[in-house]
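Results of the structural survey
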Amino acid sequence: MFAAVDFDSFDTDGDGVISKTEAQVNSQLVQLFDQLDTDGNGELSKEEFSKVQ
């Protein structure tokens, strides 16, 4: 799904997680965000994000 896009390209502030704000650049990621955010902290870790690739 996001094969052409890697984690770091979404993590624009380089803090090691993808925030909902950072996810806004990709409508598919926005739709999947809550499903992928398995710990419910409002951020996607590399591990959580890797589940869509």
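Coordinates for the structure precede this section.
Residues numbered from 1 in each chain as written. Predicted model: local features only at pLDDT ≥ 70, side-chain atom pairs only at ≥ 80, totals over all residues. Heavy atoms only, no water.

When we look at burial in helix 3 (residues 27-36), the residues that qualify are L29, L32, F33 and L36. When helix 3 is viewed along its axis, its buried side chains cluster within an angular range of 145° and face the same direction. Seen from the open side of helix 3, the exposed residues pointing more than 90 degrees away from its buried face are S27, Q31, D34 and Q35. Among the structural elements, helix 1 (7-10), strand 1 (18-19), helix 2 (20-23), strand 2 (43-44) and helix 4 (46-50) are those in contact with the buried residues of helix 3. Where helix 3 starts, the residue carrying a side-chain oxygen 2.9 Å from the main-chain nitrogen of Q28 turns out to be N26. (Buried < 20%, exposed > 50% of the residue type's maximum accessible area, 1.4 Å probe, protein only. Helix = DSSP H or I, 4+ residues; strand = E, 2+ residues; numbered from the N terminus. Arc of directions from axis to C-beta. Contact = heavy atoms within 4.5 Å. Polar contact = N/O pair within 3.5 Å; in protein donor to acceptor, adjacent residues only side chain to side chain.)

Moving on to the packing of aromatic side chains. Taken as a whole, this structure holds 2 aromatic pairs when the rule is applied. Ring geometry for F7 versus F49: centroids 5.7 Å apart, planes at 70°, classification edge-to-face. With F7 in helix 1 and F49 in helix 4, this pair connects stretches of sequence that are 42 residues apart. Like F7, the residue F49 is buried in the burial classification. Centre to centre, the rings of F10 and F49 are 5.6 Å apart; their planes meet at 65°, and the pair counts as edge-to-face. Of this pair, F10 sits in helix 1 while F49 sits in helix 4, and the two are 39 residues apart along the sequence. In terms of burial, F10 and F49 fall into one category: buried. Ring pairing ties together the aromatic residues F7, F10 and F49, which thus form one cluster. (Phe/Tyr/Trp six-rings, centres within 6.5 Å; stacked < 30°, edge-to-face > 60°.)

Taken as a whole, this structure holds 2 salt bridges when the rule is applied. Across the salt bridge formed by K46 and D8, the nearest N and O atoms sit 3.8 Å from each other. On the criterion of sequence distance, the pair formed by K46 in helix 4 and D8 in helix 1 is long-range, its members being 38 residues apart. With a relative accessible area of 48%, K46 lands in the partly exposed category. For D34, the salt bridge goes to K20, with nearest N and O atoms at 3.0 Å. Remark: K20 occurs in helix 2 and D34 occurs in helix 3; sequence separation between them is 14 residues. (Salt bridge = Lys/Arg side-chain N within 4 Å of Asp/Glu carboxyl O.)

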